[in-house]
Amino acid sequence: MTRQSIAEDLESAADRIADISRADLQIVLRRAALMLRNVAGVPLDPATEDALNSIAAEMNIGRSDLIWIVLREWLETNAYLPVLSMDEDSETDGRA
């Protein structure tokens, strides 16, 4: 279960609150509570916080998305994760 899928489940339940069963609502709410309970923030020094926030704003993405990108690229660069390869002849229109 990802945060995105839990958020989508919560939004879906909210959209059909009159139709959703009590048991299904309990499941969705417990998954959300579990996800929130397991979220641990990473304390960063103020200079790093400022840099991340500035770059995220400049790239028009969320801070957590930026951290994910940076971490993923570092892991790929240092051979901890396989590099996702793309066919050079494919047309991506600037998108992966």
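Along each chain, numbering runs from 1 in the same order as the chain's sequence is written. Totals for whole chains, interfaces and linings use every residue, but because this is a predicted model, local features are given only for residues with pLDDT of at least 70 and side-chain atom pairs only at 80 or more, for both listing and counting. With hydrogens and water stripped out, all remaining heavy atoms of the structure feed into the side-chain values.

Draft legend 1. Here's a closer look at the overall build of the protein chain. Helix and strand content of the protein chain: four helices and zero strands. Type-normalised accessible area, obtained with a 1.4 Å probe on protein chains alone, sets the label of each residue: buried when under 20%, exposed when over 50%, and partly exposed for intermediate values. Counting across all 96 residues of the protein chain, residues that qualify as buried make up 9%. Residue contacts follow a heavy-atom distance rule, with two residues in contact if any of their heavy atoms lie within 4.5 Å. Pairs at least 24 apart in sequence give 20% of the contacts found in the protein chain among residues at least 6 apart. Helix numbering and strand numbering both begin at the N terminus, where a helix is a DSSP run of H or I of at least 4 residues and a strand a DSSP run of E of at least 2.

Draft legend 2. Summary view of the layout of surface pockets. Cavities and pockets are defined on a 1 Å grid built over the protein atoms alone: a cavity is a set of grid points where a 1.4 Å probe fits but cannot escape, while a pocket is an open set with protein on both sides within 12 Å along at least five of seven lines, and lining residues are those with an atom within 4 Å of any such point. Grid points are joined across faces, edges and corners, and a volume is the space filled by probe spheres set on the points. Approximately 160 Å³ is the volume attributed to the second largest pocket. Taken together, Trp 68, Ile 69, Arg 72, Glu 73, Glu 76, Val 83 and Leu 84 make up the lining of the second largest pocket.

Draft legend 3. Main features of the packing of helix α3 (residues 46-59) against helix α4 (residues 63-77). Between N-to-C directions, angles span 0 to 180 degrees; the directions come from axes that are lines fitted to C-alpha atoms, helices contributing only their stretch in contact. Relative to each other, α3 and α4 sit at 100°, their axes nearing to 9 Å. By the angle between their directions, the pair α3 and α4 is classed as roughly perpendicular. The segment α3 lies against α4, with Glu 49, Leu 52, Asn 53, Ile 55, Ala 56 and Met 59 engaging Arg 63, Leu 66 and Ile 67. In this classification, Asp, Glu, Lys and Arg are treated as charged, Ala, Val, Leu, Ile, Met, Phe, Trp, Tyr, Cys and Pro as nonpolar, and every other residue, Gly included, as polar. Here the residues of the contact of α3 with α4 are counted per class, giving six nonpolar, one polar and two charged. What sets the label is the angle itself: under 35 degrees gives roughly parallel, over 145 gives roughly antiparallel, 65 to 115 gives roughly perpendicular, and the rest give oblique.

Draft legend 4. Representation of the environment of Glu 73 in the model. Its place among the elements puts Glu 73 in helix α4. C-alpha separation for the pair Glu 73 and Val 83, spaced ten residues apart in sequence, amounts to 8.6 Å.

Draft legend 5. Highlighting unusual backbone geometry. One non-glycine residue with positive phi stands out, namely Asn 60, at about 60°. Counting through the fold element by element, Asn 60 comes out in the loop between α3 and α4. Residue Asn 60 is classed as exposed on the basis of its relative accessible area of 70%. Not every positive phi belongs to a glycine, and Ala 79 is a case in point at roughly 65°.

Draft legend 6. Up close: a nonpolar patch on the surface. For patches, a residue must show more than 30% relative accessible area and have no salt bridge; joins then use 9 Å for like charges and 5 Å for nonpolar side chains, namely Val, Leu, Ile, Met, Phe, Trp and Tyr. We get accessible surface area from the Shrake-Rupley algorithm with a probe of 1.4 Å; when it comes to residues, only the shown protein chains can shield them. By definition, a salt bridge exists where a carboxyl oxygen of Asp or Glu is found within 4 Å of a side-chain nitrogen of Lys or Arg. A cluster of nonpolar side chains, contributed by Val 42, Leu 44 and Ile 67, occupies part of the molecular surface with about 230 Å² of accessible area. With respect to the helices and strands, the residue Ile 67 is situated in helix α4.

Draft legend 7. Broad picture of the confidence of the model for the protein chain. For every residue, the predictor assigns a confidence score, pLDDT, that lies between 0 and 100. In the predicted model, the protein chain carries a mean pLDDT of 83, and 85% of its residues have values of at least 70. Predicted confidence in the protein chain is weakest over helix α1 (residues 3-15), with a mean pLDDT of 84, and strongest over α3, with 92.

Draft legend 8. Geometry of α3. Any helix carries an expected span of 1.5 Å times its number of residues minus one. Taking 1.5 Å per residue, 14 residues should reach 20 Å; α3 reaches 20 Å between its end C-alpha atoms and fits that length. Phi turns positive, to about 60°, at Asn 60, one or two residues after α3.

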